[in-house]
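Residue-level structure breakdown
For reference, the chains in residue letters:
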Amino acid sequence: MKNNDLKYDYIIAGSGCAGLSLLYRLLINPVFQSKKILVIDRVQKNENDRTWCFWEEGKGLFESVVTHEWKSLIFKNEDFTRQFDLENYRYKMIQGKDFYDFVLSHAASFENVTFKNENIKGITSDSIEASVETEENIYRSQYLFNSTSLFNPNITEENSLLQHFTGWVIKTKEATFDSKVGTLMDFTLDQKHGATFMYVLPTSPTEALVEYTLFSKSVLPKEEYQSALTDYIKDNLQISDYEITHIEFGIIPMSLAKFERKSDAFNRLINIGTAGGYTKASSGYTFQFVQKNTAQIVKNLLEQKNPNPEKSFDDKRFEWYDRTLLEVILSGKMEGKEIFSLMFSKRSPEAILKFLGNESTIWDDLKIVTALPIAPFMKAGLKQL
Ligand SMILES: Cc1cc2nc3c(=O)[nH]c(=O)nc-3n(C[C@H](O)[C@H](O)[C@H](O)COP(=O)(O)OP(=O)(O)OC[C@H]3O[C@@H](n4cnc5c(N)ncnc54)[C@H](O)[C@@H]3O)c2cc1C
């Protein structure tokens, strides 16, 4: 018989990027140190299962676990190589395990926080409370923050692209890399599967993350990522003697399907992270948007408002841009490589990052958009209005 009487103020369902970002932001505020918080995940977060890269100005909340940051980045295709220095932004990398360890060790000293490793089967709510059913128990709370995929929409070939990638951390014996310069996108690769580029992020003169990334409808056989990485390291980076110290594989949905911020009529089930639509549909970047959203949730709770932020005009504006860009690529009107090449050949990289980071003004956006051909974007934009 399941215990049906386990009550909390807040339940965080899923303790990945979004769940732990929210937990940390709650715990650094004394107001929430008296709230009973339950964190449920089916796994213990103790593996280095992903690397997050993102950009921000100044120091962020998770600065102490930033592995490396770059002020200089490169964009490359067959026609041009552009190396640029960022003005205000820094491109940063955080290892998943460092982030999990940091938040979990901080949370360990708080008696108001309980962790459970259980598989969540269902989440529901009524006018009084939200509840989570796991294989073992039923837990109840005032608000429930969900980052599991239980409420995710259907991802189909018609409405989505997959951003899929394999990354190798490689180590060389000799000093080989300039760790001050990261390659954001090297498009000098075969584009037969869709937008295809390499990411090269050196963290020291002898170590770099090299990631083969594609935006397409389906993932490739494992060997294709391996041979693309092997060839690139040999032919483009001209490295023959190296050791692979870490491998990561990932799939991020880039979707026109609606990932909703809330999943009930009572405003108690709040979707966060990818589940809440905080993965940018046109780029797959999530980390920086999760940070803004979880900060807003905490602010709303402090102001005794419903924690779920209402979509602002700006949120809707950026969503529309993302949907338009994705529609253009999905419909085959333009290739991803062509779009990014046009942007990076004509506009300031800082302005592009501002735009892609949802931090630009409408005036800034106009400048970016006018680097692109009107017809395909107009048509896709009208369809996605
Ligand atoms: C390999 C990889 C690399 C990435 N790199 C970047 C990057 O560089 N920059 C960037 O911005 N984004 C990146 N992303 C995208 C995105 O930032 C991550 O996917 C991020 O982890 C999403 O956060 P989240 O909290 O929504 O989901 P997750 O971090 O996946 O957390 C969800 C949690 O819910 C748990 N869970 C799910 N279902 C259940 C269930 N039924 N019961 C119990 N627990 C459950 C899972 O175990 C997991 O811990 C990457 C993604 C991957 C996979």
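The notes below deal with the structure included here.

Reading the values: the criteria
- Residues numbered from 1 in each chain as written.
- Predicted model: local features only at pLDDT ≥ 70, side-chain atom pairs only at ≥ 80, totals over all residues.
- Heavy atoms only, no water.
- Helix = DSSP H or I, 4+ residues; strand = E, 2+ residues; numbered from the N terminus.
- Buried < 20%, exposed > 50% of the residue type's maximum accessible area, 1.4 Å probe, protein only.
- Polar contact = N/O pair within 3.5 Å; in protein donor to acceptor, adjacent residues only side chain to side chain.
- Axes fitted to C-alpha atoms, helices over the stretch in contact; angles between N-to-C directions.
- Left-handed = near helix turned anticlockwise from the far one by under 90°.
- Contact = heavy atoms within 4.5 Å.
- Nonpolar A, V, L, I, M, F, W, Y, C, P; charged D, E, K, R; others polar.
- Phe/Tyr/Trp six-rings, centres within 6.5 Å; stacked < 30°, edge-to-face > 60°.
- Salt bridge = Lys/Arg side-chain N within 4 Å of Asp/Glu carboxyl O.
- Near = heavy atom within 4 Å.
- Areas by Shrake-Rupley, 256 points an atom, 1.4 Å probe, with all protein chains shown as cover.

This next bit is on the environment of R42. Position of R42 among the secondary structure elements: in the loop between strand 2 (37-41) and strand 3 (51-57). Accessibility expressed as a relative area gives 62% for R42, which makes it exposed. In terms of polar contacts, R42 uses its side chain to reach the side chain of N119, at 3.4 Å.

Moving on, we come to the packing of helix 1 (residues 17-27) against helix 2 (residues 96-107). Between helix 1 and helix 2, the least distance of the axes is 10 Å, while the angle of their chain directions is 40°. Considering only the axes of helix 1 and helix 2, their crossing is left-handed. Within the contact between the two elements, helix 1 uses C17, L20, S21, L23, Y24 and L27 and helix 2 uses F99, Y100, F102, V103, L104, H106 and A107. Taken together, the residues of the contact of helix 1 with helix 2 sort by class into eleven nonpolar, two polar and no charged.

Here we take up the packing of aromatic side chains. Within this structure, the stated rule accounts for 29 aromatic pairs. The interplanar angle of 50° and the centroid separation of 6.3 Å between the aromatic rings of W70 and Y91 together place this pair among those described as tilted. In this pair, W70 is assigned in strand 4 (residues 66-70) and Y91 in strand 7 (residues 89-95), connecting sequence segments 21 residues apart. Residue Y91 is classed as buried on the basis of its relative accessible area of 0%. Between Y225 and F249 the ring centres are 5.6 Å apart and the planes differ by 75°, which places this aromatic pair in the edge-to-face class.

Bringing the pattern of salt bridges into the picture now. Applying the stated rule across the entire model yields 20 salt bridges. Between K92 and E56 there is a salt bridge; the shortest N-O distance is 2.8 Å. A residue pair is termed long-range when its members are at least 10 positions apart, and K92 in strand 7 and E56 in strand 3 qualify at 36 residues. By relative accessible area, which is 22% here, E56 ends up partly exposed. With a shortest N-O distance of 3.0 Å, E319 and K311 are connected by a salt bridge. For E319, a relative accessible area of 30% puts it in the partly exposed group. Taken together, the shared-partner salt bridges connect K45, D49 and R50 into one network.

The ligand sits among 30 residues. The nearest are A18, D41, K45, C53 and T286. Here an oxygen atom of the ligand sits 2.8 Å away from a polar atom, N or O, in the side chain of K45. Surface burial for the ligand is 89%, taken as the share of its 970 Å² of free accessible area covered by protein chains. Of all elements in the fold, only helix 1, strand 3 and strand 16 (242-255) reach the threshold of two or more residues within the shell around the ligand. Per-class residue counts for the shell around the ligand are eleven nonpolar, twelve polar and seven charged.

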